[in-house]
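# A structural walkthrough
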Amino acid sequence: MDPIERPPAIVDWTRRLEDVTALDAPVQAIEPYIQKAFGTGARASVLRGDWLGHAVHPVLTDLVIGTWTSASVLDLFGGEESASSAQKLIGTGLLAVGPTAWTGWAEWSDIGPRDKRVGLVHAVTNGLAIGIYASSWVARQRGRHSTGTTLALAGAAVSGVGAYLGGHLAAARKVSSHHPAYDEAS
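None of these values were measured; they are calculated from a predicted model.

Aromatic ring pairs are defined here through the distance separating the ring centres and the angle between the ring planes. Inspection of every chain in the model, using the stated rule, returns 2 aromatic pairs. Both rings, one in W68 and one in Y133, keep their centres 3.8 Å apart while their planes meet at 15 degrees; by these two values the pair is stacked. Here W68 is found in helix 4 (residues 57–77), whereas its partner Y133 is found in helix 6 (residues 113–141), with 65 residues between them in sequence. Of the two residues, W68 and Y133, both sit in the buried class. Here K116 stacks its cationic end above the ring of W108, 5.0 Å away from the centre of that ring.

If you want it as structure tokens, here you go:
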């Protein structure tokens, strides 16, 4: 990119989000609880992926986003005979969100203030998406597949914002556990 060229609006928005010090109070309020639950000892080591050599969180996010995206593909193109499969995919994603969030909190517990601000918004956004997808599953369970489809598409939009913020943390901010061997020059 030309250093004189203005960055895209979303980059400006994300950089401003990193500087929102009003997020420091909620970060500080939850930080001791997150640290205690996910940020210390063997549990944190397992959740961060020390045993694997890199973060587990991205692997699990692929499972959640993949199942939910697949459900929407079935909703949009699979016809009525795909309704049950779409509901099962939504349910599978919902079952995977707990471990996915735990690994995210383990990563969050070990980063700096700018990244914790973005991470908090990432987590809240994903929490909203989880609620929408849970509502989609319930609607489908009650036989309201069309409502479930609409809710899943709304969940996908919200989840997309959360995924963008997670991608920003992983790619732009380089927030991710990894083995020191990966730091060596090749």
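As a further point, take the layout of surface pockets. Summary: where empty space remains is shown by rolling a probe the size of a single water molecule over the atoms. In this structure, the largest pocket spans a volume of roughly 670 Å³. Along its surface, the largest pocket is lined by 31 residues, and H57, T61, G104, H122 and N126 are the ones closest to its centre. Sorting the residues of the lining of the largest pocket by element identifies helix 4, helix 5 (83–108), helix 6 and helix 7 (145–172) as the ones contributing at least two each. Residue composition of the lining of the largest pocket, grouped by class: 17 nonpolar, 13 polar and 1 charged.

What counts, and at which threshold
Sequence order as written defines the numbering, with residues in each chain counted from 1. Reporting in this predicted model follows two pLDDT cut-offs: at least 70 for local features of residues, and 80 or more for side-chain atom pairs to be given and counted; totals over whole chains, interfaces and linings ignore these cut-offs and use all residues. The basis for every side-chain value is the complete set of heavy atoms in the structure, and neither hydrogens nor water enter the calculation. Between the rings of Phe, Tyr and Trp (Trp by its six-membered ring), a pair exists once the centres lie within 6.5 Å; its type follows the angle of the planes, with under 30 degrees stacked, over 60 edge-to-face, and the other angles tilted. Where helices and strands are cited, they refer to DSSP runs of H or I of at least four residues and of E of at least two residues respectively, numbered from the N terminus. Burial classes follow relative accessibility: with a 1.4 Å probe on protein chains only, a residue under 20% of its type's maximum area counts as buried, one over 50% as exposed, and anything between as partly exposed. The rule for a charge over a ring is simple: NZ of Lys or CZ of Arg within 6 Å of the ring centre, and within 35 degrees of the ring normal. A pocket, in this scheme, is an open set of points on a 1 Å grid over the protein atoms alone with protein on both sides within 12 Å along at least 5 of 7 lines, while a cavity is a set where a 1.4 Å probe fits but cannot get out; residues line either one if an atom lies within 4 Å of a point. Grid points are joined across faces, edges and corners, and a volume is the space filled by probe spheres set on the points. Note on residue categories: nonpolar means Ala, Val, Leu, Ile, Met, Phe, Trp, Tyr, Cys or Pro, charged means Asp, Glu, Lys or Arg, and polar means any other residue, Gly included.

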